[in-house]
Amino acid sequence: MNEVLQCMERRYSCRLYDGKMPEKEDLDVIAAAAVQAPSAMNRQPWEVVVINDKALIDRMDEESMRVLAQVPDKSFYNRMMERGGKVFYNAPCMFLVLMQPDRGMDVGIVAENITLAATSLGLGSVICGLAATPFNSPKGEEFKQEIGFPRGMEFGVAVLVGYAAKESTPHEPDMGKIRFMK
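Residues numbered from 1 in each chain as written. Predicted model: local features only at pLDDT ≥ 70, side-chain atom pairs only at ≥ 80, totals over all residues. Heavy atoms only, no water.

Let's talk about unusual backbone geometry
Point 1. Its identity as a non-glycine residue notwithstanding, asparagine 42 has a phi of 55°, on the positive side.
Point 2. Among the structural elements, asparagine 42 can be located in the loop between α2 (24-35) and β1 (46-51).
Point 3. Positive phi outside glycine occurs at tyrosine 89, with the angle close to 55°.
Point 4. Secondary-structure assignment places tyrosine 89 in the loop between α4 (75-82) and β2 (93-99). (Helix = DSSP H or I, 4+ residues; strand = E, 2+ residues; numbered from the N terminus.)

So, the sheet that holds β1
Point 1. Pairing is antiparallel across the open sheet formed by 4 strands, whose spatial order is β1-β2-β4-β3. The outermost strands of the open sheet, each flanked by one partner alone, are β1 and β3 (124-128). Taking each pair of neighbouring strands and ignoring which way they run, the sheet shows an average axis angle of 20°.
Point 2. Examined bridge by bridge, β2 and strand β4 (residues 154-162) share 7 bridges and lie antiparallel to one another. By the bridge assignment for β4, phenylalanine 95 is matched with valine 159. (Pairing = 2+ DSSP bridges. Axes fitted to C-alpha atoms, helices over the stretch in contact; angles between N-to-C directions.)

What about the pairing of β4?
Point 1. The buried fraction of β4 amounts to 7 of the 9 residues, a majority that puts the element mostly inside the structure.
Point 2. By the bridge criterion, 5 bridges tie β3 to β4 in an arrangement that is antiparallel. When the bridges of β4 are listed, cysteine 128 appears paired with alanine 158. (Buried < 20%, exposed > 50% of the residue type's maximum accessible area, 1.4 Å probe, protein only.)

In structure tokens form, the structure reads like this:
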């Protein structure tokens, strides 16, 4: 099996980080892999912001948990509490993928490139849609301004990256989800 397929096979969603920041060189490699993603008509409708300010990530995490605690349906909040009470799992780094409106498919490809690059470098990663929470909160505009969201760009997705505090195993693929048409 080739190296790319092996990387895909061993990748898992890391939901517990040791908090140690990855090397700058590794973050540069992952960022470069992110923007190598293909896009419709090569429009590249994204911007990747590498947030390696742990204090900022922690503030966004606290705001997310505050918002989730106020939602009548407590399922997300309870799930996060069961996982340590942190939306961002103590990750030291967030790859925030901003997008032009309605370009979610392209952003998904960017996120996958980030996760595979991180895995290839021995780092854990998880695609985190809940990272939209602090940007949609009462403090959302403050976070957007601090990060420097360009005009016309919105949250697409975030990928948390760092060293896993505990190794995990990939999910078992359900081969029954595949159909071939003849």
